[in-house]
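Analysis of the macromolecular model
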Amino acid sequence: LLVRSGGSPAGVLEVDEKTRQEALVEALCEILFRNAGDNKKAIVLIPSSASAVPLNASQLRCLQPAHFSSYEQLQFHLNQRPYRDFFFNPSGCGVPLLLYSLV
């Protein structure tokens, strides 16, 4: 995000929503594919429906694994629904999903 804002720390606060989402997708891909997946794969756990948000341990059974075999494939899908809704909506469950996907 710092690079995209022209290198200015103050500019980070002034980037638009599209730029923020692109930076977040890149960060998620780095974590899930390159770090956790050893540059070979990524598995993202997402709820089986939009209403099944896993906020406690008893709701974990609603999670379905989505397998990705390339960085570009993961990047493309994170920009699409339902991934975009789960990870980027303020009322979404992006942080728990990221943590569940890393385990």
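Here, every reference points to the structure presented above.
Report on the accompanying structure. Please read all numbers here as calculations on a predicted model, not as lab measurements. (Residues numbered from 1 in each chain as written. Predicted model: local features only at pLDDT ≥ 70, side-chain atom pairs only at ≥ 80, totals over all residues. Heavy atoms only, no water.)

1. Quick notes on the nonpolar core
Counting 22 residues, the largest nonpolar core has Val 44, Phe 68, Leu 74, Leu 78, Tyr 83 and Phe 87 as the members making the most contacts within it. Mapped by element, the contributors of at least two residues to this core are α2 (17–36), β1 (42–47), β2 (63–68), α3 (71–78), α4 (83–88) and α5 (94–102). Among the elements that make up this core, the one with the highest residue count is α2 (five residues). Every residue in contact with Val 44, bar those within four places of it in the chain, is listed here: Leu 32, Gln 64, Pro 65, Ala 66, Phe 68, Leu 74, Tyr 83, Phe 87 and Ser 101. (Core = buried A, V, L, I, M, F, W, Y, C linked by side-chain atoms within 4.5 Å. Buried < 20%, exposed > 50% of the residue type's maximum accessible area, 1.4 Å probe, protein only. Helix = DSSP H or I, 4+ residues; strand = E, 2+ residues; numbered from the N terminus. Contact = heavy atoms within 4.5 Å.)

2. Some thoughts on the packing of α2 against α3
Relative orientation of the contacting elements α2 and α3 amounts to 135°, with a least axis distance of 10 Å. Classified by the angle their axes make, α2 and α3 are oblique. Helix-helix and strand crossings are classified by hand; for α2 and α3 the assignment is right-handed. Residues Val 25, Glu 26, Leu 28, Cys 29, Glu 30, Leu 32, Phe 33 and Arg 34 of α2 pack against Tyr 71, Leu 74, Gln 75 and Leu 78 of α3. (Axes fitted to C-alpha atoms, helices over the stretch in contact; angles between N-to-C directions. Parallel < 35°, antiparallel > 145°, perpendicular 65-115°, else oblique. Left-handed = near helix turned anticlockwise from the far one by under 90°.)

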